[in-house]
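What follows is the residue order along each chain.
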Amino acid sequence: GDLFALMQPIMFGYFFYRTEAIMKDFPDQALPITTIQVVVCALLGVGWTVWDAHGLPDLTNLVSHLSEPSFDFALVWIGLVSTALILVLETVALG
């Protein structure tokens, strides 16, 4: 746990460093760069889930929550605003 806690700010800083370097080379490509970042985040999240659950987790609980409007809103908010929009703004700002 301590190693993960130590690596998080280091990798976060490295992420900004690499994004800034890439944006200097491709200043008009903020959306494609952000798309790659979001896809990588999603794949890492799925990979972590599969590794942590020792296989695909039981999705019946998730499916039952998908019919709740507040849960759907939370998923859209986390996916679009808290992740994608913030990454677009960060990428444009670093360019």
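Model, not experiment: these values are computed from the prediction. (Residues numbered from 1 in each chain as written. Predicted model: local features only at pLDDT ≥ 70, side-chain atom pairs only at ≥ 80, totals over all residues. Heavy atoms only, no water.)

Participant: Would you mind going over the environment of Ser67 with me for this structure?
Facilitator: Looking at the secondary structure, you find Ser67 in the loop between helix 3 (60-65) and helix 4 (69-94). Counting along the chain gives 19 residues from Ser67 to Ile86, while the straight-line C-alpha distance between them is 27 Å. Separated by 3.1 Å, the side chain of Ser67 and the backbone oxygen of Ser64 make a polar contact. (Helix = DSSP H or I, 4+ residues; strand = E, 2+ residues; numbered from the N terminus. Polar contact = N/O pair within 3.5 Å; in protein donor to acceptor, adjacent residues only side chain to side chain.)

Participant: Teacher, can you tell me more about a nonpolar patch on the surface here?
Facilitator: On the surface, Leu3, Leu6, Met7, Ile10, Met11, Tyr14 and Tyr17 cluster together to form a nonpolar patch covering roughly 740 Å² of accessible area. With respect to the helices and strands, Leu3 occurs in helix 1 (residues 2-25). (Patch = residues over 30% accessible without salt bridge, like charges linked within 9 Å, V, L, I, M, F, W, Y side chains within 5 Å. Areas by Shrake-Rupley, 256 points an atom, 1.4 Å probe, with all protein chains shown as cover. Salt bridge = Lys/Arg side-chain N within 4 Å of Asp/Glu carboxyl O.)

Participant: Sorry if this is basic, but what is going on with the packing of aromatic side chains here?
Facilitator: The relation between two aromatic rings is expressed through the spacing of the ring centres and the mutual angle of the planes. One pass over the structure, following the stated rule, counts seven aromatic pairs. Residues Phe12 and Phe15 carry aromatic rings whose centres are separated by 6.5 Å and whose planes lie at 40 degrees to one another, so their mutual orientation is tilted. With Phe12 and Phe15 both in helix 1, this residue pair falls three residues apart, about one helical turn. A residue is classified by how much of its surface remains accessible, and Phe15, at 25% relative accessible area, is partly exposed. Aromatic pair Tyr14 and Tyr17: ring centres 6.3 Å apart, planes at 35 degrees, arrangement tilted. With Tyr14 and Tyr17 both in helix 1 and three residues apart, this pair spans about one turn of that helix. For Tyr17, a relative accessible area of 55% translates into the label exposed. (Phe/Tyr/Trp six-rings, centres within 6.5 Å; stacked < 30°, edge-to-face > 60°. Buried < 20%, exposed > 50% of the residue type's maximum accessible area, 1.4 Å probe, protein only.)

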